[in-house]
Amino acid sequence: KTDTRKGRIGTRFNGIFYDDFSWFFSQKLSFDTFQDLDLRAEEALGLSYSIIEKTKLSFTLNFGVARVDSFYDPGEDQGFFGIPLGFDANWDITEQLHFSHNTTWVSSSSELANYIVSAHSKLELSLDKNWAVNTKHEMATTSQPPIGKKKTDHSLSIKLSYKF
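Analysis parameters
- Residues numbered from 1 in each chain as written.
- Predicted model: local features only at pLDDT ≥ 70, side-chain atom pairs only at ≥ 80, totals over all residues.
- Heavy atoms only, no water.
- Pairing = 2+ DSSP bridges.
- Helix = DSSP H or I, 4+ residues; strand = E, 2+ residues; numbered from the N terminus.
- Axes fitted to C-alpha atoms, helices over the stretch in contact; angles between N-to-C directions.
- Contact = heavy atoms within 4.5 Å.
- Buried < 20%, exposed > 50% of the residue type's maximum accessible area, 1.4 Å probe, protein only.
- Polar contact = N/O pair within 3.5 Å; in protein donor to acceptor, adjacent residues only side chain to side chain.
- Patch = residues over 30% accessible without salt bridge, like charges linked within 9 Å, V, L, I, M, F, W, Y side chains within 5 Å.
- Areas by Shrake-Rupley, 256 points an atom, 1.4 Å probe, with all protein chains shown as cover.
- Salt bridge = Lys/Arg side-chain N within 4 Å of Asp/Glu carboxyl O.

A.B. asks: What is the right way to look at the sheet that holds strand 2 (residues 21-32) in this model?
C.D. replies: If you trace the nine strands from one edge of the open sheet to the other, you get 1-2-3-4-5-6-7-8-9, paired in antiparallel fashion. Because the sheet does not close on itself, it has two edges, and the strands there are strand 1 (6-18) and strand 9 (152-162). For this sheet, the mean inter-axis angle between neighbouring strands, taken without regard to orientation, is 15°. The pairing of strand 6 (residues 97-108) with strand 7 (residues 115-126) spans eleven bridges and is classified as antiparallel.

A.B. asks: Got a minute to help me understand the pairing of strand 6 in this structure?
C.D. replies: Residues in a regular strand project their side chains so that they alternate between the two faces of the sheet. By the bridge criterion, eleven bridges tie strand 5 (residues 78-92) to strand 6 in an arrangement that is antiparallel. Counterpart to tryptophan 91 in the pairing with strand 6 is phenylalanine 99. Hairpin geometry of strand 5 and strand 6 is characterised by an intervening segment of four residues between the two adjacent antiparallel strands.

A.B. asks: Would you mind showing me how to read the environment of aspartate 73 here?
C.D. replies: Positionally, aspartate 73 belongs in the loop between strand 4 (57-72) and strand 5. Setting aside chain neighbours within four positions, we find aspartate 73 in contact with Asp36, Asp38 and Lys149.

A.B. asks: Which parts of the structure should I look at to understand the side chain of aspartate 69?
C.D. replies: Position of aspartate 69 among the secondary structure elements: in strand 4. Classification of aspartate 69 as buried rests on a relative accessible area of 19%. Reaching out from aspartate 69, the side chain makes a polar contact with the side chain of arginine 67 at a distance of 2.9 Å. Ignoring anything within four residues of it in the chain, the contact list for aspartate 69 reads Leu39, Arg40, Ala41, Gln78 and Gly79.

A.B. asks: Looking at this model, I keep getting lost on the pairing of strand 5. Mind explaining?
C.D. replies: Pairing analysis gives twelve bridges linking strand 4 to strand 5, with the strands arranged antiparallel. Residue valine 68 lies in a different strand from strand 5, and its bridge partner there is phenylalanine 80.

A.B. asks: Would you mind going over a nonpolar patch on the surface with me for this structure?
C.D. replies: On the surface, Phe13, Phe17, Tyr18, Phe21, Trp23, Phe25, Leu45, Leu47, Tyr49, Ile51, Leu61 and Val65 cluster together into a nonpolar patch covering about 1200 Å² of accessible area. Where the nonpolar patch is concerned, the elements lending two or more residues are strand 1, strand 2, strand 3 (37-53) and strand 4. A total of four residues in the nonpolar patch trace back to one element, the largest contributor, which is strand 3. Of the residues examined, isoleucine 51 reaches a relative accessible area of 44% and is grouped as partly exposed.

A.B. asks: Quick question: what am I supposed to make of the pattern of salt bridges here?
C.D. replies: Side-chain pairing between opposite charges can occur once the charged atoms of the two side chains come close. Tallied over the full model, the rule gives six salt bridges. For aspartate 153, the salt bridge goes to lysine 6, with nearest N and O atoms at 3.3 Å. Note that aspartate 153 is positioned in strand 9 and lysine 6 in strand 1, a separation of 147 residues in sequence. Linking arginine 8 and glutamate 138 is a salt bridge whose minimum nitrogen-to-oxygen distance equals 3.1 Å. One end of the pair, arginine 8, is in strand 1; the other, glutamate 138, is in strand 8 (residues 131-142), and 130 residues separate them in sequence. Owing to a relative accessible area of 46%, arginine 8 belongs among the partly exposed residues under this scheme. Linked by salt bridges that have partners in common, Lys6, Asp32 and Asp153 make up one network.

A.B. asks: When you look at the environment of serine 126 in this model, what are you seeing that I'm missing?
C.D. replies: As for its position among the elements, serine 126 is in strand 7. Using a relative accessible area of 23% as the deciding quantity, one classes serine 126 as partly exposed. Sequence separation between serine 126 and leucine 160 is 34 residues, and the spatial gap between their C-alpha atoms is 9.9 Å. Those residues in contact with serine 126, other than ones at most four positions away along the chain, are Gln96, Trp131 and Ala132.

Read these as layout, nothing more, since geometry by itself doesn't imply function.
Here it is as structure tokens:
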């Protein structure tokens, strides 16, 4: 396919409870026509540990429990309880240049070979206080997609954005 429609939306709630430790709850919804994925819903509850927390640099590890449900068109729908492992990294390279990256690996609690991996990297160049240029790379992999469905999708986007 030369064109595809995909989207992702999510929210995450954090609460610090001891020094560098915090709890989190996250909810993500996504779709990807390249993988014939109509909808994927992920809910996770877990712990985060901040390894590095400085003004210009942060690195956090995440661990928890999750529920993942994937709905394909046409095809078999999949769902499992899993163990999410991941990390978040943020780096203010300069006052105008910011890099962020998030990788999450969620494996089925009953079969470790059944997993999904998502990685999102973004480089943002601030042109002034409201305007920025964003370059984003996204990757999604499903280890055991239904027969005939794509296993991995990559996308690269460049956007001009305005912050209100």
